[in-house]
Amino acid sequence: MSALTVRQVRLRYLTLYGLRWLPTGLMIPVMILLMQERGLSLPQIGLVGTAQGLLVLALELPTAGVADAIGRRPVLLAAGVLNLASLALFAVADSFWLFFVVWALQGVYRALDSGPLESWYVDATLAVDPKAEYERGLGHAGTVVGGAIGAGALLSGGLIALGPIGPVSALTVPVLAAIVAQAAALVALAVLLVEQRSATGFAAVRASAAQAPRMIGEAVGLLRRSRVLLALVAVELFWGFGMVTFESLLPVRLAEVIGDPERAAALLGPANSAAWLASAAGAALTPLLLRWFGAAPGAALLRILQGVTVVGMGLFAGPVGVLVAYLACYAVHGASNPLHSGLLHRQVDGPYRTSVLSLNSMMGQPAGALGGVALTALAAATSVSTAMVVGAVVLAVAAPLYLPAWLAGRRAAPVVEPTAVPVPVADR
């Protein structure tokens, strides 16, 4: 690790980060439509998605200890192998239970993958130069994610437009491309990510895993002591539930207004690409939003505005109106994330930062699983438009939860300091 320069570490990090998200971009336009093509109803699609959410909820904090105990490289390699297996199964799955296994594998993969690459980058940079400014690489990573997902989605749309290849349906072709991309990402990870660690072993793994319940308890204790933190984490529950509208229901809604699922999937490729560019543009507006409104009022306003854009996706007639609302939704989404994260960082310091941030992230998983079940069932029972409007209302009603953070900022409240004995957590 010390043989690399700061610049080389940053380039390796950004390369691996982009390769990590490229398969996701390829899959986004086809995931829901392909499951429908294979015979799953919308409620069934919602149910299989719960496997991912619940497993991420259960495993995210324990996997932090595993990454700390045995190193980031083996954890990331294991995650890559699981993702490759899930994509391969997705390519041939044709029943509810096979798709359930796919999403269960995705849940374990996402829990393992959440954080170790970023932690490796920071540690590797500081090992070369303890005074290095690693924030530049972290900032560039957001641009790389948008570019990788956008490029993958655009490629996915082009592959669908080419039509079926022999017995392989048009919607399955991007899945095969995602398998190739993931295999390449796994090889690049094995070659580019180098890590020097002291010997650990199963005893260290067992000790870290045993510490996970205590870590969770201490993080929850912080939430009990801080109304601001509790409210901010609660926002994630509404956010996770409502995101189902533009992540899962939008492809169905677009296919509905176009009248042809394959044409809708082909259009979703460039639309997803444009959406991630809109998200990047929204994130670039963060300094202006902070200056004009402040963090908490700006975040609250964006929650309401995002609800309005989702209503547009659900009620506008024709693909142009739906897609314009979709792009606006992602622009708001990109602007919301930095404001929400900044508010969390201002409230937590010390060894509990990672635990609380992971807990915040975890809350979106069961909420998304619940939203997937509830909103897809509602869409099947009534209409996709009705389900999207309900999801929009859930997004918007989270806005008042930023009030405690706004009041704390006006009082210049000090950073929350834990009162319990610090518990070491994995640097993710």
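One structure accompanies this document, and this report is about it.

**Digging into the environment of E247**
Part 1 of the reasoning: Within the secondary structure layout, E247 lies in helix α11 (residues 244–258).
Part 2 of the reasoning: E247 gets classed as partly exposed once you look at its relative accessible area, which sits at 45%.
Part 3 of the reasoning: C-alpha separation for the pair E247 and G372, spaced 125 residues apart in sequence, amounts to 9.9 Å.

**Thoughts on the packing of aromatic side chains**
Part 1 of the reasoning: Counting across every chain of the model gives 10 aromatic pairs.
Part 2 of the reasoning: Between W97 and F100, the aromatic rings sit 5.6 Å apart at their centres with planes inclined by 65°, giving edge-to-face as the arrangement. One end of the pair is W97 and the other is F100, both in helix α5 (residues 96–113) and three residues apart, which spans about a single turn.
Part 3 of the reasoning: Given the relative accessible area of 28%, F100 is considered partly exposed.
Part 4 of the reasoning: Taking the ring centre of W239 as reference, the NZ or CZ of R303 above it sits at 4.1 Å.

**Examining the nonpolar core**
As a rule of thumb, nonpolar side chains are buried together in soluble globular proteins.
Part 1 of the reasoning: Core analysis: the biggest nonpolar cluster contains 105 residues, and M35, F90, F246, M313, Y326 and Y402 have the highest contact counts within it.
Part 2 of the reasoning: With 11 residues, the top contributor of residues to this core is helix α15 (residues 319–347).
Part 3 of the reasoning: Residues contacting M313, with those up to four places away along its chain left out, are F246, L250, R253, V322, A325, Y326, C329 and M388.

**Topic: helix α18 (residues 403–410)**
Part 1 of the reasoning: All of the buried residues in α18 are P404, A405 and A408. Angular distribution of buried residues about the axis of α18 spans 100°; they occupy a single face of the element. Of the exposed residues in α18, those oriented more than 90 degrees away from the buried face are G409 and R410.

**Examining the packing of helix α10 (residues 227–242) against α11**
When two helices pack together, their arrangement is captured by the angle between the axes and the distance separating the axes.
Part 1 of the reasoning: One can describe the packing of α10 onto α11 by two numbers: an axis separation of 5 Å at closest approach and a directional angle of 5°. Viewed along their axes, α10 and α11 adopt a mutual orientation that is roughly parallel. Listed contacts from α11 to G240, F241 and G242 of α10 are V244, T245 and F246.
Part 2 of the reasoning: Considered class by class, the residues forming the contact of α10 with α11 number three nonpolar, three polar and no charged.

Reading the values: rules and limits
- Residues numbered from 1 in each chain as written.
- Predicted model: local features only at pLDDT ≥ 70, side-chain atom pairs only at ≥ 80, totals over all residues.
- Heavy atoms only, no water.
- Helix = DSSP H or I, 4+ residues; strand = E, 2+ residues; numbered from the N terminus.
- Buried < 20%, exposed > 50% of the residue type's maximum accessible area, 1.4 Å probe, protein only.
- Phe/Tyr/Trp six-rings, centres within 6.5 Å; stacked < 30°, edge-to-face > 60°.
- Lys NZ or Arg CZ within 6 Å of the ring centre and 35° of its normal.
- Core = buried A, V, L, I, M, F, W, Y, C linked by side-chain atoms within 4.5 Å.
- Contact = heavy atoms within 4.5 Å.
- Arc of directions from axis to C-beta.
- Axes fitted to C-alpha atoms, helices over the stretch in contact; angles between N-to-C directions.
- Parallel < 35°, antiparallel > 145°, perpendicular 65-115°, else oblique.
- Nonpolar A, V, L, I, M, F, W, Y, C, P; charged D, E, K, R; others polar.

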